[in-house]
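Chains, contacts and geometry: an overview
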Amino acid sequence: MDAVIVADLGVLAYARRAWPGLRLHLSVQAAAGSPEAIAFYAREYGVKRVVLPRVLSVGEIAALMREIEVETEAFVFGGLCVMAEGRCALSSYATGRSPNLSGVCSPPEAVTYTEEEGGAMTSRLAGLALDRYAPGEPTGYPTLCKGRFEVAGALSYLFEDPVSLNAIGLLTELRRAGVTAVKVEGRQRGKAYVARVASTFRKAIDLLERGGDPSALSAELTHLAEGGRETAGAYRKTWR
């Protein structure tokens, strides 16, 4: 084991005291995205790397790197969290299981899909209808922040559309910004998914090191995206 990823302050304090040689990485659940927050964790707990929240643009990461002295790790593929990392209460409200404490967002045992008359599909979380899909329409994984609701007579995704992050085309910019490592969001994913995504990004990074364009490999992962749809997320600041 090379390092442990930690968010809990008590665990950080214990690890630094009892195991001073252990390399500590700060989890995205700590929601540390400012120079002051990162400096605090580095000073008080000896954190060597920070996993960045998924709300920063590439330019903001570059500006951040000029003010900190630790490594950074950035998400490049998988689910998008539109909440403040580590502060989400929606899933626990509906299912009784917290993504922060239980490690699950919309736990699979609470997810159901029901085929309606005429072939339409309804997705539910803990019995709550979150979306209804037309016959043949791609169905996303139901999470409360990506549900489609009717408000003031208009039906829409209030927080964010059910799409997956794919930043393989931004690897050049992320490296230029100073990012040390990339991170695949793999919670509640199968071994085949993790193996395919990790191996594709390994090829992309190797291609980048040889002076090639890693965006050429982007299409290799489209079929793994939620609902078959992809986004650059906050890196481009085009999401709602």
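Not measured: the values here are computed from a predicted model.

For helix α6 (residues 191-209), built from 19 residues, the straight-helix expectation of 27 Å at 1.5 Å per residue is met to within 8% by its first-to-last C-alpha distance of 27 Å. Its buried side turned inward, α6 meets β4 (71-78), β10 (164-166), α5 (171-177) and β11 (181-184). One or two residues past the end of α6 sits Gly 211, with phi positive at roughly 90°.

With that settled, consider the packing of helix α1 (residues 9-18) against helix α2 (residues 35-45). Direction vectors running N to C along α1 and α2 enclose 40°, while the axes themselves pass 10 Å from each other. When the axis of α1 is compared with that of α2, the two are oblique. Each of Leu 9, Leu 12, Ala 13 and Arg 16 in α1 lies in contact with α2, whose residues at this interface are Tyr 41, Arg 43, Glu 44 and Tyr 45. Within the contact of α1 with α2, the residues separate by chemical class into five nonpolar, no polar and three charged.

Residue pairs three or four apart in sequence face the same way in an α-helix, which turns once every 3.6 residues. Listed in full, the buried residues belonging to α2 are Pro 35, Ile 38, Tyr 41 and Tyr 45. Down the axis, α2 shows its buried residues gathered within 150° of arc, on one side only. Residues of α2 that are exposed and point over 90 degrees away from its buried face: Glu 36 and Arg 43. Here the buried face of α2 lies against α1, β2 (24-26), β3 (49-51) and α3 (58-65). Positive phi shows up at Gly 46, right after α2, with a value of about 70°.

On to the side chain of Lys 183. Looking at where Lys 183 falls in the secondary structure, it is placed in strand β11. What makes Lys 183 buried here is its relative accessible area of 19%. With residues up to four places along the chain from it excluded, the contact list for Lys 183 reads Ile 5, Val 51, Glu 73, Ala 74, Phe 75, Val 76 and Phe 77.

It is worth spelling out the nonpolar core at this point. Among the nonpolar cores identified, the biggest contains 45 residues, and Ile 61 and Tyr 235 are the most heavily contacted of them. Only α1, β2, α2, β3, α3, β4, α5 and α6 provide two or more residues apiece to this core. Residues in contact with Ile 61, not counting those within four places in the same chain, are Leu 52, Leu 56, Leu 174, Ala 177, Val 179 and Tyr 235.

Once that is clear, we can look at the pairing of strand β9 (residues 154-157). As defined by bridge partners, strand β8 (residues 148-151) adjoins β9 across four bridges and the pair is classed as antiparallel. Of the residues in β9, the one forming a bridge with Phe 149 is Ser 156. With antiparallel pairing between neighbouring strands as the criterion, β8 and β9 make up a hairpin whose turn holds two residues, including Ala 152 at a positive phi of roughly 55°.

Let us now look at the pattern of salt bridges. Counted by the stated rule, this structure contains 13 salt bridges. For the salt bridge of Arg 148 with Asp 131, the shortest nitrogen-to-oxygen distance reads 2.6 Å. On the criterion of sequence distance, the pair formed by Arg 148 in strand β8 and Asp 131 in strand β7 (residues 128-133) is long-range, its members being 17 residues apart. Taking the shortest distance from any N to any O, the salt bridge between Arg 202 and Asp 206 comes out at 3.1 Å. Placement of the pair is Arg 202 and Asp 206 together in helix α6, with a separation of four residues, close to one helical turn. The network of salt bridges with common partners includes Arg 23, Arg 49, Glu 71, Glu 73 and Lys 183.

At Ala 31, a position not held by glycine, the phi torsion is positive, near 55°. Counting through the fold element by element, Ala 31 comes out in the loop between β2 and α2. You can call Ala 31 partly exposed: its relative accessible area is 31%. A positive phi angle, near 55°, is found at Ala 152, a position not held by glycine. Mapped onto the fold, Ala 152 is located in the loop between β8 and β9.

Attention now goes to the packing of aromatic side chains. Counted by the stated rule, this structure contains five aromatic pairs. With 5.9 Å between their ring centres and 80° between their planes, Phe 40 and Tyr 45 make a pair best called edge-to-face. Here Tyr 41 and Tyr 45 contribute two aromatic rings whose centre-to-centre distance is 6.2 Å and whose plane-to-plane angle is 35°, an arrangement assigned as tilted. One end of the pair is Tyr 41 and the other is Tyr 45, both in helix α2 and four residues apart, which spans about a single turn. As far as burial versus exposure is concerned, Tyr 41 and Tyr 45 are alike and both buried. Among the aromatic residues, those joined into a ring-pair cluster are Phe 40, Tyr 41 and Tyr 45. Sitting over the ring of Tyr 193, Arg 189 keeps its end group 4.6 Å from the ring centre.

Parameters and conventions
- Residues numbered from 1 in each chain as written.
- Predicted model: local features only at pLDDT ≥ 70, side-chain atom pairs only at ≥ 80, totals over all residues.
- Heavy atoms only, no water.
- Helix = DSSP H or I, 4+ residues; strand = E, 2+ residues; numbered from the N terminus.
- Expected span 1.5 Å × (residues − 1).
- Contact = heavy atoms within 4.5 Å.
- Axes fitted to C-alpha atoms, helices over the stretch in contact; angles between N-to-C directions.
- Parallel < 35°, antiparallel > 145°, perpendicular 65-115°, else oblique.
- Nonpolar A, V, L, I, M, F, W, Y, C, P; charged D, E, K, R; others polar.
- Buried < 20%, exposed > 50% of the residue type's maximum accessible area, 1.4 Å probe, protein only.
- Arc of directions from axis to C-beta.
- Core = buried A, V, L, I, M, F, W, Y, C linked by side-chain atoms within 4.5 Å.
- Pairing = 2+ DSSP bridges.
- Salt bridge = Lys/Arg side-chain N within 4 Å of Asp/Glu carboxyl O.
- Phe/Tyr/Trp six-rings, centres within 6.5 Å; stacked < 30°, edge-to-face > 60°.
- Lys NZ or Arg CZ within 6 Å of the ring centre and 35° of its normal.

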